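Tertiary structure, described
Next come the chains, spelled out residue by residue.
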Amino acid sequence: SSSGSVVTLLDYGAGNVRSVRNAIRYLGYEIEDVRTPKDILNADRLIFPGVGAFASAMDVLTKTGMAEALCTHIENDRPFLGICLGLQLLFDSSEENGPVNGLGLIPGVVGRFNSLNGFRVPHIGWNALQIAKDSEILDDIGDRHVYFVHSYRAMPSNDNKEWVSSTCNYGDDFIASIRRGNVHAVQFHPEKSGDVGLSVLRRFLNPKSQGSKKPTQGKASKLAKRVIACLDVRTNDKGDLVVTKGDQYDVREQTKENEVRNLGKPVELAGQYYQDGADEVSFLNITGFRDFPLGDLPMLQVLRHTSENVFVPLTVGGGIRDFTDANGRYYSSLEVASEYFRSGADKISIGSDAVYAAEEYIKTKVKTGKSSLEQISKVYGNQAVVVSIDPRRVYVQGPNDVQFKTIRVPKPGPNGEEYAWYQCTVNGGREGRSIGAYELAKVVEELGAGEILLNCIDCDGQGKGFDIDLIKLISDAVSIPVIASSGAGAVEHFSEVFMKTNASAALAAGIFHRKESVKAHLLKEGIEVRI
Ligand code: 1PR
């Protein structure tokens, strides 16, 4: 193509590249999809957002002849931008289900992060970069954070020194970007890195018009603590999809009409939270457990529209499970999740169905691979699967009164009880189950969850602070990231949860509906956040 406003996209169909498409379109470019290796050879500007697993991506690229075309494109120094796996595939090989050979353009082996010393794997979240050399596309970054989500990484060495344009520190210094001539690749996700990420894409798409700046040297950073805005979504009695907010999970107004509390429209509110600096946005379809989520097309629409303008990660939860509709058609949870991913979700969140899967696993000690959790994380990777826990505090006299992990409570229960356990619930807190939050967390980590969203029914909507004991218990029990949720009522509650527990992120709903500025406070308290 001769038009300067067209960009060629290599999407080999292994997963969701919708957000990359959205970002390119948002910047005013048209997309031409690669269909044959020839399209790669003819491309003026090629973007390659690698998704899925290394081995299967290499398989597809080799079988279709695209691997060879890619090597030619890159060796001829044609404009190229690889993203995430699109960076890793350029290396000699990867240890992901391997060793597996890569394209072999850059010396080095892609290996897994090790989760020693408290570095949780996957590496999920916002980090700043250390710029190693002039890369042009990173000129606007300075010490601002960009979004990573991966378990594997390439390491800088003497052999690949000439390629490395920036590194990032997460336990080790790994390669955050490479550049040689017109060939670029980034380990982070520019399409999910807010306005800074968009500027990386803009500089790649139109290098001349951006002007070159001396890149400001970023300072080394820790993984930033994430602040997540949550929108509880459901259909109200009039049939409109609304953002609502419960009080200990009760979302109905205490009025005669008893209507569903209506805080506004999901797409608008999500857009506003993005503008206000939320690091992620989560949608929870809170009645998904009883309605079939794919029948709930409005939710898919919400995702489609939101992802056109919101360039941070989006999570969607509610109703993810196997389902047979009224006509007897069976949908697997994987199909449900795939539909969410296709509509713009980066992660899906499983509540009730994860509890059933954990119960089954504890009972049988067999991993069937059939649960929604196992199936979805196998296909999309565990970084795409969040398990949402809805526990309720249950007081007991002593730790031997129940078979579940208890904690000593700072304030005794109503009958002077000094201990409590946290009972998992299903169906939006309506039904208590015979499993504790601690036991559940450990099991879902084993079954493939990449992250835990830890709610607490007792604290939800109360504005009195997070349940620090619960969050400490769970974030110390697992090595995947834990998102603290429920109870934030003041900015101090966020610094408290980050100082006293190992939570990687804090999620809230009510406080954002009231528009308080959490980030400024955290920064003042010396906590690393993305601004
Ligand atoms: O069980 O897979 O269908 O998933 C249902 C999902 O919907 C779960 O993630 C569950 O947590 C959520 N959910 C179900 N019912 C409710 C309800 O409120 N009636 N909401 C509900 C969960 C908890 C958080 C809330 C925080 C922060 N809400 O989303 O946003 O508690 O609130 P706050 O900052 O105002 O205190 P499945």
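Residues numbered from 1 in each chain as written. Predicted model: local features only at pLDDT ≥ 70, side-chain atom pairs only at ≥ 80, totals over all residues. Heavy atoms only, no water.

The subject of this paragraph is the domain arrangement of the protein chain. Structurally, the protein chain comprises domain 1 (6–210) and domain 2 (226–387 + 433–524). Using only C-alpha atoms to locate each centre, domain 1 and domain 2 end up separated by 29 Å. On the side of domain 2, 32 residues touch domain 1, which itself brings 21 residues to the contact. The contact between domain 1 and domain 2 buries some 2000 Å² in all, and 54% of this surface belongs to carbon and sulfur atoms. Of all residues in domain 1, Arg18, Arg120 and Lys192 bury the most surface against domain 2, accounting for 33% of the area lost on that side. Taken together, the links from domain 1 to domain 2 amount to one salt bridge. In this structure, Lys192 engages Asp346 in a salt bridge whose closest nitrogen and oxygen atoms are separated by 2.8 Å. One can count nine residue pairs in polar contact (both at pLDDT 80 or more) joining domain 1 with domain 2. At the level of secondary structure, the elements contributing two or more residues to the side of domain 1 that touches domain 2 comprise helix 1 (18–26), strand 8 (123–127), strand 10 (146–150) and helix 6 (194–205). Of the residues forming the side of domain 1 that touches domain 2, the biggest block, five residues, is contributed by helix 1. (Domains from an automatic or database assignment. Contact = heavy atoms within 4.5 Å. Buried area = accessible area lost by both parts, 1.4 Å probe. Salt bridge = Lys/Arg side-chain N within 4 Å of Asp/Glu carboxyl O. Polar contact = N/O pair within 3.5 Å; in protein donor to acceptor, adjacent residues only side chain to side chain. Helix = DSSP H or I, 4+ residues; strand = E, 2+ residues; numbered from the N terminus.)

This part is about helix 4 (residues 66–75). Where burial is concerned, most of helix 4 is hidden: seven out of the 10 residues are buried. Those residues of helix 4 that fall on the buried side of the exposure criterion are Met66, Ala67, Ala69, Leu70, Cys71, His73 and Ile74. Buried residues along helix 4 sit in contact with helix 2 (37–42), strand 3 (46–50), helix 3 (54–63), strand 4 (80–84) and strand 14 (183–186). Directly beyond the C-terminal end of helix 4, a positive phi value near 60° is found at Asp77. (Buried < 20%, exposed > 50% of the residue type's maximum accessible area, 1.4 Å probe, protein only.)

Attention shifts here to the nonpolar core. Within the largest apolar cluster, 159 residues are counted, with the highest numbers of intra-cluster contacts made by Ile47, Leu61, Ile178, Phe283, Tyr340, Ile348 and Phe494. Each of two domains, domain 1 (6–210) and domain 2 (226–387 + 433–524), supplies a minimum of three residues to this core. Contacts of Phe283, omitting those with residues within four sequence positions, involve Leu231, Val233, Pro266, Ala270, Met299, Val302, Leu303, Thr306, Thr315, Val316 and Gly317. Counting residues in hydrophobic clusters, the runner-up holds nine residues, among them Leu284, Val386, Leu453 and Ile483. (Core = buried A, V, L, I, M, F, W, Y, C linked by side-chain atoms within 4.5 Å.)

This brings us to the state of the cysteines. What the rule picks out here adds up to zero disulfides. Among the cysteines around Cys459, which has no disulfide bond, Cys456 carries the closest sulfur, lying 3.7 Å off. (Disulfide = S-S within 2.5 Å.)

On to the pairing of strand 26 (residues 431–436). Examined bridge by bridge, strand 25 (residues 419–426) and strand 26 share three bridges and lie antiparallel to one another. The partner of Gln423 across the bridge, within strand 26, is Gly436. (Pairing = 2+ DSSP bridges.)

The next subject is the pairing of strand 21 (residues 347–350). The alternating pattern of strand 21 places Lys347 and Ser349 and Ile348 and Ile350 on opposite faces, both of which are buried. Pairing of strand 18 (residues 314–317) with strand 21, which is carried by three bridges, proceeds in the parallel orientation. Residue pairing across strands places Gly317 opposite Ser349, the latter belonging to strand 21. One ladder, built from three bridges, connects strand 21 with strand 22 (residues 385–389); its direction is parallel.

On to the environment of Val243. Mapped onto the elements of the fold, Val243 is located in strand 16 (residues 241–244). Val243 sits in the buried class, given a relative accessible area of 0%. Residues Val243 and Tyr273, spaced 30 residues apart in sequence, show a C-alpha to C-alpha distance of 13 Å. The residues contacting Val243, other than those within four sequence positions of it, are Leu231, Asp232, Arg261, Asn262, Leu263, Gly264, Lys265, Pro266, Leu269 and His513.

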